[in-house]
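Inside the fold
What follows is the residue order along each chain.
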Amino acid sequence: MKYHYKHVLKAYVFSYHFIGDVMLKKKAFRRILITTVALFIVLFVYTFVLKEDKTVIYDEAYYISSEDKRSIYCLNKDDYVSKTSIYVDKELSLEDKVRSILETMTMENNKNSLLPSYFQPILPPNTKVLDVILDNDVLRVYFSLEFLEATSEQSTKMIEAITYSLLEFDDVLGVEIYVNGKLLEYAPNTNKKLPVVLTKDIGINKVYQIDSNKDISKVVLYYLTKDEESTYYVPVTKYVNDEREKLEIIVDSLANEYFLDSSLISYLNVKTELVSYDILEDSIMLYFNEDIYDDASTEYIKDEALNALVYSVFANYDTVENLKIMVLDKEVFSSDRNIMQSIWGFF
């Protein structure tokens, strides 16, 4: 829309002449009137521009505020169940947000485009979410029969991805999966029995290093992985015949990742030694030798090594709120669970 400021000015100039005649064209009044007219025109133009700017800003703010960034687990390029995020309309109910998440995880669905390019959906094509019910912190999800078309290779990972994705909602403490109205007892096309209520206890990206059913420890480890666009951490649940404290297993595993393929990386120095540790009611203190340093002269520990270690410890010790890392009785790092949770959303 165009505004003809010349016309506006002409109208005010006419007013000036008219009033000037009535007031005997006093020189002082003339100066005041001209200044007033000029000021009015400047304010008029400024107001119009400001209104345009405010409209743009409001539209952007509305767009951002109307979207809710939600965590979602899908397969990365190396077929590990990994965490990423998508935007979901925050005005939706919990049930509809769950539907949106699961539709994004379904192959050949229009919502697949919401996923980053290095992630892929995992539910079979044409799978429908028939109903979603939250009952006493347990989320019941009812799927169509297409859900059972998952291959035996993808089946377990599909269950892991669904469970971990839905447990990201604050109101959800457990998940139940129904197909054709019946509770799912086994991972599709496998003989793997499922618990009635699914929690993170089912594990994720499971690795088995066991030769007996005695003294089995389950340890969650975080490894770094990279792709063309980003760097992020992948959780791995490791099962081993090992009676040691989980802290010792964590350090040994992160320092020696020989059992994993090359796409998962640990930056913890292979010579790193956990000299001792203290496990208190809500905190843990780890004492390392100097080999944990990437550069002993500057007492520098790589962030990637620290993050993997911190995530792994917090994932295995639910009651621990604070972690301190010591080298030769000197505190070199301290981390709070709530801070790490707010930044990365793990555990």
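What counts and what doesn't
Numbering of residues starts from 1 in each chain and follows the order in which that chain's sequence is written. Only residues with pLDDT of 70 or above have their local features reported here, since the model is predicted, and side-chain atom pairs are shown and tallied only from 80 upward, although totals for entire chains, interfaces and linings are computed over all residues. Excluding hydrogens and water, the side-chain values take into account all heavy atoms of the structure. When DSSP finds at least two bridges between two strands, those strands are taken to pair. Runs of E in the DSSP output that reach at least two residues are strands. Runs of H or I that reach at least four are helices, and both are numbered from the N terminus. An axis is simply a line fitted to the C-alpha atoms; with a helix, the fit covers only the stretch in contact. Between two such axes, the angle follows the N-to-C directions and lies from 0 to 180 degrees. For this analysis, residues touch if any pair of their heavy atoms sits within 4.5 Å. By convention a nonpolar core is built from buried Ala, Val, Leu, Ile, Met, Phe, Trp, Tyr and Cys residues, the set being connected through side-chain atoms within 4.5 Å. Categorising residues by exposure relies on relative accessible area from a 1.4 Å probe, with only protein chains included: less than 20% of the type maximum marks a residue as buried, more than 50% marks it as exposed, and the intermediate range marks it as partly exposed. Residues enter patches when they are more than 30% accessible in relative terms and free of salt bridges; like-charged ones are connected within 9 Å and nonpolar ones (Val, Leu, Ile, Met, Phe, Trp, Tyr) within 5 Å. Only the protein chains shown count as covering a residue, and every accessible area follows the Shrake-Rupley method with a 1.4 Å probe. What makes a salt bridge here is a side-chain nitrogen of Lys or Arg within 4 Å of a carboxyl oxygen of Asp or Glu, nothing more.

What about the sheet that holds strand 8 (residues 207-209)?
Reading across from one edge, 8-10-9 is the order of the three strands in this open sheet, with mixed pairing throughout. Of all strands in the sheet, those with a lone pairing partner are strand 8 and strand 9 (216-226), marking the two edges. On average, each strand axis in the sheet is tilted by 30° relative to the strand beside it, whichever way the strands run. Sheet analysis places strand 8 next to strand 10 (residues 231-241), joined by three bridges and oriented parallel. Residue Val 207 lies in a different strand from strand 10, and its bridge partner there is Lys 238. Here helix 5 (residues 246-255) sits on the sheet in contact with strand 9 and strand 10, set at roughly 35° to strand 9. Across the sheet, helix 6 (residues 303-316) is in contact with strand 9 and strand 10; its angle to strand 9 comes to roughly 150°.

Details of the nonpolar core
Membership of the largest hydrophobic core comes to 84 residues, with the highest contact counts inside it found for Met 105, Phe 143, Ile 162 and Ile 177. When residues of this core are assigned to their parent elements, the largest contribution, eight residues, is made by helix 6. Sequence-distant contacts of Met 105, that is, excluding residues within four places in its chain, are made with Ile 72, Tyr 73, Cys 74, Pro 121, Ile 122, Leu 123, Ala 161, Ile 162 and Ser 165.

Quick word on a nonpolar patch on the surface
Taken together, Tyr 208, Ile 210 and Ile 216 make up a surface patch of nonpolar side chains, about 290 Å² in accessible area. Secondary-structure assignment places Tyr 208 in strand 8. For Tyr 208, a relative accessible area of 52% gives the class exposed.

Considerations on helix 3 (residues 94-104)
Looking at helix 3, one finds that the buried residues are Leu 94, Lys 97, Val 98, Ser 100, Ile 101, Leu 102 and Thr 104. Among the structural elements, strand 1 (67-76), strand 2 (81-89), strand 4 (129-135), strand 5 (138-143) and helix 4 (152-166) are those in contact with the buried residues of helix 3.

What to know about the pattern of salt bridges
When charged atoms on two side chains of opposite charge get close, those side chains can pair. Taken as a whole, this structure holds 15 salt bridges when the rule is applied. In this structure, the salt-bridge partner of Lys 111 is Glu 103, at a minimum N-O distance of 3.0 Å. According to the relative accessible area criterion, Lys 111 is partly exposed, its value standing at 29%. Take Glu 103: its relative accessible area is 27%, and that puts it in the partly exposed class. Here Glu 176 ties to Arg 140 by a salt bridge, and the two come within 3.4 Å at their closest N and O atoms. Residue Glu 176 is found in strand 6 (residues 174-179), and its partner Arg 140 is found in strand 5; the two are separated by 36 residues along the sequence. Note on Glu 176: relative accessible area 10%, which makes it buried. Through salt bridges with shared partners, a single network forms among Asp 68, Arg 70 and Lys 97.

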